[in-house]
Amino acid sequence: EPEASDYSSSNVKTAWVGMLVLSYSAVYLGGLQNSSFALGLVALPLSLLMWSALRFQPLWTAAGTMLTVLFLTSLTGLGLAGFRAPTGTLDAALLLCFMGLVATVPLVLVASINEQRVATRKVLRRATTDAATNLPNRAAFEEAVQRALSGQGEGSALAYLDLDHFTLINDTASHAAGDALIHGIGSLLKARLRAGDQVFRIGGDEFALLLTGDADT
C-alpha cells in the first residue's frame with residue numbers, strides 16, 4: 001500500500017479545504033449575479049478535485065466529490081442562488097449528465113493514480129527486499145545509513161554479522177538447507193530487535209544491524 005509520504009502534508013490538505021470552500025462561494029456569488037457564465041465557475045471546484053486526485057488519498061477526493069456534487073445539485077436542481085431549476089425532461093437529463101461528469105472524472109483519475117502508486121510501491125519493495133529472508137537488502141541498508149548520517153534517522157550504532165564457513169552448509173547439505181539457515185537467522189535477528197532497530201541482509205551470509213537509542217537498553 002502507498003505510504004503517507006506519497007501524499008501531501010496535512011497543511012496542504014487544510015489549504016485545499018479552504019480553497020474548495022472559496023470555490024463554492026465563487027459559484028454561489030456568480031449565481032446571484034444572474035450571469036450566463038456562472039455555471040462555468042464549476043471549473044474551480046472541479047480543478048481542485050483533480051488536484052486532490054493527484055496529491056491526496058482517495059478518501060479525500062471521494063469526500064470532496066460527494067460534497068461538490070451535493071452542492072451543485074442543490075444550486076441547480078432546486079434553483080438556488082439565482083440558478084434556474086430544470087423545467088423539462090431534457091434540461092433534467094442534461095443536468096444529470098453534467099453532474100455525472102463532475103462526479104466521475106475525479107474518481108476515475110484518483111483510482112488510476114492510486115493504482116499507479118500501489119504498483120510503484122510493489123516494485124520499490126521488491127527492489128529493496130531480500131527474497132530469501134524478506135529483510136531489507138543492501139540497497140535499503142545503504143539508504144538507511146545515508147539517512148542516519150544526514151541526521152534524518154536516529155541511528156546511533158552499526159553492527160555487522162558474518163557467518164563463518166557458511167559455504168560448507170551449501171556444499172554438504174544443499175543450497176536449500178543454506179537458504180533455510182539464512183532465513184532462520186534473519187527471523188531470529190528480527191525477533192530480537194528493539195523498537196527503532198533495523199536488520200538488513202547485505203550479502204550471501206552477511207547481515208547488518210542499524211541500532212537506535214541507548215545501547216545499554
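Here the structure is a predicted model, which means the values were calculated and not measured. Positions within a chain are numbered from 1, following the residues in the order the chain's sequence is written. Only residues with pLDDT of at least 70 are given local features in this predicted model, and only at 80 or more are side-chain atom pairs given and counted; all residues enter the totals for whole chains, interfaces and linings. Values shown for side chains rest on all heavy atoms present in the structure; no hydrogens or waters enter the calculation.

1. Structural notes on the overall build of the protein
The cut-off we apply is this: What counts as a helix is a DSSP run of H or I of at least four residues, what counts as a strand is a run of E of at least two, and both are numbered from the N terminus. Just to be clear, the radius of gyration here is over C-alpha atoms, and the globule rule we use is 2.2 Å times residues to the power 0.38. Partly exposed residues are those whose accessible area sits between 20% and 50% of the maximum for their type, while under 20% is buried and over 50% is exposed, using a 1.4 Å probe and protein chains only. Two residues form a contact once any of their heavy atoms are found within 4.5 Å. With residues, only the protein chains shown are counted as cover, and all accessible areas are computed by Shrake-Rupley using a 1.4 Å probe. Under this rule, positive means Lys or Arg and negative means Asp or Glu; His and the chain ends count for nothing. The location of each charge is read from NZ of Lys, CZ of Arg, CG of Asp or CD of Glu.
Per the secondary structure count, the protein includes seven helices and three strands. In sequence order, the secondary structure elements of the protein are arranged as α-α-α-α-α-β-α-α-β-β. Here the C-alpha atoms of the protein give a radius of gyration of 28 Å, more than 25% beyond the 17 Å that 2.2 N^0.38 yields for 217 residues. Taking the principal axes of the C-alpha coordinates as reference, the protein spans close to 85 × 40 × 20 Å. Per-residue burial over the protein gives 31% buried out of 217 residues. By sequence separation, contacts in the protein at least 24 residues apart represent 62% of the contacts at least 6 residues apart. Within the structure as shown, the protein displays about 13,100 Å² of accessible surface, and the carbon and sulfur contribution to it stands at 63%. In the protein, 14 side chains carry a positive charge and 18 a negative one; their mean positions are 11 Å apart.

2. Concerning the packing of aromatic side chains
Aromatic rings in a pair are described by how distant their centres are and how their planes are angled relative to each other. Using the following cut-off: Two rings from Phe, Tyr or Trp (for Trp, the six-membered ring) form a pair when their centres are within 6.5 Å of each other. A pair whose planes differ by under 30 degrees is stacked, one over 60 is edge-to-face, and the rest are tilted.
As enumerated under the stated definition, the model contains six aromatic pairs in all. Site record: aromatic cluster; members linked through ring pairs are W16, W51, F56 and W60.

3. Considering the pairing of strand β3 (residues 206-212)
Stated formally: Strands were regarded as paired on the criterion that DSSP finds at least two bridges between them.
Within β3, five of the seven residues are buried, which leaves it mostly tucked inside the rest of the structure. Pairing of strand β2 (residues 198-201) with β3, which is carried by four bridges, proceeds in the antiparallel orientation. Residue pairing across strands places V199 opposite L209, the latter belonging to β3. Taking the residues between adjacent antiparallel strands as the criterion, β2 and β3 are bridged by four residues.

4. Examining helix α7 (residues 175-191)
Side chains three or four residues apart in an α-helix point the same way, a direct result of the helix having 3.6 residues per turn. Selection rule: To estimate the expected span of a helix, subtract one from its residue number and multiply by 1.5 Å. By definition, the arc is the one covered by directions from the helix axis to the C-beta atoms.
For α7, with 17 residues, the first-to-last C-alpha span of 24 Å sits near the 24 Å given by 1.5 Å per residue. G178, I182, I185, G186 and L189 are the residues of α7 that are buried. Around the axis of α7, the buried residues are gathered within 100° of arc, so they sit on the same side. Looking at α7, the residues exposed on the side facing more than 90 degrees away from the buried face are A176, L188 and A191.

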